[in-house]
Amino acid sequence: MNNLNHANVLVVGAGIMGAGIAQVAAQAGHAVLLYDARDGAASQAIEKLKQTLDGLIAKGKLGADVATQTLARIAAVESLHEAADVRLVVEAIVENLSAKRSLFQQLEGIVATDCVLATNTSSISVTAIAHGLLHPGRLVGMHFFNPVPLMKLVEVVSGLQTDPAVALDIFDLSGAWGKVAVHARSTPGFIVNRIARPYYAETLALLQEQAGTPAAIDACLRAAGFRMGPCELMDLIGHDTNFSVTQSVFDANFFDKRYVPSLLQREMIDGGLLGRKSGRGFFDYRVGAVKPAAAAAAPSSAPAAQALCLHGQGPLAERFAAALTLTGISFECMSTSDWIGLAVDGAQLRLTDGRTATQLGADVALFDLPLAAASALAWAPSLRACEAWTEAAPRWLQVLGFSPQRMADAPALVVARTVAMLINEAADAVHQGVCTAEGADAAMKLGVNYPAGPFEWLARWDSAGVVALLDALDAHYRGERYRVSPWLRQRA
Ligand code: NAD
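What counts and what doesn't
- Residues numbered from 1 in each chain as written.
- Predicted model: local features only at pLDDT ≥ 70, side-chain atom pairs only at ≥ 80, totals over all residues.
- Heavy atoms only, no water.
- Near = heavy atom within 4 Å.
- Polar contact = N/O pair within 3.5 Å; in protein donor to acceptor, adjacent residues only side chain to side chain.
- Areas by Shrake-Rupley, 256 points an atom, 1.4 Å probe, with all protein chains shown as cover.
- Helix = DSSP H or I, 4+ residues; strand = E, 2+ residues; numbered from the N terminus.
- Expected span 1.5 Å × (residues − 1).
- Pairing = 2+ DSSP bridges.
- Axes fitted to C-alpha atoms, helices over the stretch in contact; angles between N-to-C directions.
- Parallel < 35°, antiparallel > 145°, perpendicular 65-115°, else oblique.
- Contact = heavy atoms within 4.5 Å.
- Buried < 20%, exposed > 50% of the residue type's maximum accessible area, 1.4 Å probe, protein only.
- Core = buried A, V, L, I, M, F, W, Y, C linked by side-chain atoms within 4.5 Å.
- Domains from an automatic or database assignment.
- Buried area = accessible area lost by both parts, 1.4 Å probe.
- Salt bridge = Lys/Arg side-chain N within 4 Å of Asp/Glu carboxyl O.
- Phe/Tyr/Trp six-rings, centres within 6.5 Å; stacked < 30°, edge-to-face > 60°.
- Lys NZ or Arg CZ within 6 Å of the ring centre and 35° of its normal.

A. Up close: the site of the ligand. Met17, Asp36, Glu95, Lys100 and Ser122 are the nearest of the 20 residues found near the ligand. In the model, an oxygen atom of the ligand is placed 3.2 Å from a nitrogen or oxygen of the isoleucine 93 main chain. Between the ligand and lysine 100, the relevant distance is 2.8 Å, taken from an oxygen atom to a side-chain nitrogen or oxygen of the residue. With the chains in place, 71% of the 840 Å² that the ligand exposes on its own is no longer accessible.

What follows is the structure in structure tokens.
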């Protein structure tokens, strides 16, 4: 039986997160007090919640009785002293260490010693917030995602002094509130904001070296199953917000080059291109503007070939064999080959392994990791490829069922490098005891809607292939960004 199942709850901060947390707690049956330092803010938040619930009733998504009961359980208070008998405080005030510290120190003078203190901080060390408390063991991170009523994930963040029993109570309580909780150790970015960094960083790096367009990169990652491409997602989040999370993870890691923020994004912020909210980011959101689409090649028949050979084995090679068989083109199979793809009259069209096409030869074209059903797929020819092969290679990709998106010859193209880096970051998080592999998978699927968790991708790919790809990126760029996680290297 959870200690907090019937706890009276105080939510401090009636902003976007606090109001959502109050709603979720009340819907789960708790009596909730809501406090905000700004006069009238808590009452206004409850009034706004009433309007939201009325809207849900009108749409038939919520029963009127549930809405009435939920609202009846929430009361605004004008002073923290009115909350002396609560058993749980969830803090969602301004993201500022000294403000959070002084709030909790003040609360210790008001609530009972067994009252659990939870912070919804998204970036501040839970260990640091607890510093100076009389009972630091009862302070724990309870990190919800926005919008709170809809997002399933709660990161339960333990600082150095957090009592494991308190973390467990918050873990169980989150489940009772309809959420999926994941334990995290208090480290920069916790789980989601840390592991997600490469999703943005790799695209920003590709754009900086002019390897592709925002529309093409977005199309490739959407085709891999991500709900939004990184460019449209950064435009939605706001480049200033996205940059500041990257900057805080970079600073908190003592300027580890792995997390270095992007010059390109800095320039966009300096120029006021903040994304949707300012009307322009990577894309133009002003009235009448048309969002550019990724290239769509006209349907093409298979180019002429004297000798066609399918290299490699496994699910991808089998998928290619099926596509070639459907066209009626005759081909040989070289299943013992150490690469996957097609050899056409001596030229090669092969799956990226992290090396560039130019490194691999003259008439070589590489294609990206196809993660989902056939669709937009990045490809790049060698700088030394002849014109005829540069023209034929994407037509072969069409034969194999893809919509080819031409990129510059950047190592590991788009999806392969992004997914490898997400796996690498997740592996480091597990290596450092931030979370378990299962926790990382759940967090990324529920916190940022990834189509699979990093360790699920790893199970489908192989550790040696991921490490080889990252090593090739590391050799190409030199620096710390593509440093392989010791956890991953050991498994390879
Ligand atoms: P917000 O600005 O919408 O709300 C903060 C509220 O706290 C305001 O109403 C403000 O008046 C009140 N406040 C400020 N200082 C206070 C104090 N000392 N005592 C009482 N009330 C005080 O902010 P938000 O987006 O709801 O974020 C709140 C917290 O949740 C932050 O720590 C933030 O990092 C975290 N968080 C935010 C998101 C998000 O997407 N917005 C997601 C996860 C976590």
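B. Summary view of helix H1 (residues 16-27). In a regular helix each residue adds 1.5 Å, so 12 residues correspond to 16 Å; H1 covers 17 Å between its end C-alpha atoms and thus fits that length. Glycine 29 sits one or two positions beyond H1 and adopts a positive phi of about 105°.

C. Looking closely at the pairing of strand E11 (residues 341-344). In this sheet, E11 lies alongside strand E9 (residues 308-311) in antiparallel orientation, the contact comprising 4 bridges. In the strand pairing of E11, cysteine 309 is matched with alanine 343. Both E11 and strand E12 (residues 347-351) contribute to a ladder of 4 bridges, which runs antiparallel. In the strand pairing of E12, leucine 342 is matched with leucine 349. Joining the antiparallel neighbours E11 and E12 is a turn of 2 residues, in which aspartate 345 adopts a positive phi near 50°.

D. How the structure looks around the packing of helix H2 (residues 41-58) against helix H3 (residues 64-72). Viewed as axis vectors pointing N to C, H2 and H3 meet at an angle of 170°, and their least axial separation amounts to 10 Å. Classified by the angle their axes make, H2 and H3 are roughly antiparallel. Only Ala64, Ala67, Thr70 and Leu71 of H3 make contact with H2, whose side of the interface consists of Ile46, Leu49, Lys50, Leu53 and Ile57.

E. Structural view of the side chain of serine 158. Mapped onto the elements of the fold, serine 158 is located in strand E7 (residues 153-158). Judged by relative accessible area, serine 158 falls into the buried class, the value being 19%. If we skip the residues at most four places from it in the chain, serine 158 touches Ala167, Ala184, Arg185 and Ser186.

F. Spotlight on the nonpolar core. Within the largest apolar cluster, 122 residues are counted, with the highest numbers of intra-cluster contacts made by Leu10, Trp389, Trp396 and Leu488. With 11 residues, the top contributor of residues to this core is helix H16 (residues 415-431). Apart from residues lying up to four places away in sequence, tryptophan 389 is in contact with Val344, Ala347, Gln348, Leu349, Asp363, Val364, Ala365, Pro394 and Trp396.

G. The sheet that holds strand E14 (residues 376-381), seen in detail. Spatially, the 7 strands line up as an open sheet ordered E10-E9-E11-E12-E13-E14-E15, and their pairing is mixed. Here the strands that pair on one side only, and so sit at the sheet edges, are strand E10 (332-334) and strand E15 (403-406). For this sheet, the mean angle separating the axes of adjacent strands, direction not counted, is 25°. Relative to E14, strand E13 (residues 364-367) is paired through 3 bridges, and the arrangement is antiparallel. In the strand pairing of E14, phenylalanine 367 is matched with tryptophan 379. Sheet strands in contact with helix H9 (residues 214-223) are E14 and E15, and its direction is about 125° off that of E14.

H. The arrangement of the domain arrangement of the chain in detail. Looking at the assigned domains, one finds that the chain contains domain 1 (9-186), domain 2 (202-278), domain 3 (308-406) and domain 4 (420-446 + 453-491). Contact residues are listed per partner, giving 5 residues for domain 2 and 8 residues for domain 3. Taken over both partners, the interface formed by domain 2 and domain 3 buries close to 490 Å², and the fraction arising from carbon and sulfur atoms is 69%. Looking only at domain 2, the three residues that lose the most surface to domain 3 are Cys220, Ala223 and Ala224, adding up to 71% of its buried area. Remark: the boundary between domain 2 and domain 3 carries 0 salt bridges.

I. Broad picture of the packing of aromatic side chains. One pass over the full model with this rule turns up 12 aromatic pairs. Ring plane angle 75° and centroid distance 5.9 Å describe the contact between tyrosine 199 and tyrosine 200, whose orientation is recorded as edge-to-face. The ring of phenylalanine 283 carries the charged tip of lysine 291 above its face, separated from the ring centre by 4.7 Å. A cation sits over an aromatic face here: arginine 491 above tryptophan 487, 3.9 Å from the ring centre.

J. Fine view of helix H10 (residues 230-237). Taking burial as the measure, the 8 residues of H10 include 6 buried ones, the bulk of the element. When we look at burial in H10, the residues that qualify are Pro230, Cys231, Glu232, Leu233, Met234 and Asp235. If you follow the buried residues of H10, they end up packed against helix H8 (197-208), H9, helix H11 (239-252) and helix H12 (263-270). Looking one or two residues beyond H10, the residue adopting positive phi is glycine 238, at roughly 100°.

K. Broad picture of the pattern of salt bridges. Applying the stated criterion across every chain, the model contains 19 salt bridges. A salt bridge links glutamate 456 to lysine 445; the nearest nitrogen and oxygen atoms lie 2.8 Å apart. Of this pair, glutamate 456 sits in helix H18 (residues 454-460) while lysine 445 is found in helix H17 (residues 437-447), placing the two residues 11 residues apart along the sequence. Note on glutamate 456: relative accessible area 29%, which makes it partly exposed. In this structure lysine 445 comes out as partly exposed when scored by relative accessible area, which is 29%. Look at the salt bridges and you will find they share partners, linking Arg194, Arg258, Glu425 and Asp428 into a network.

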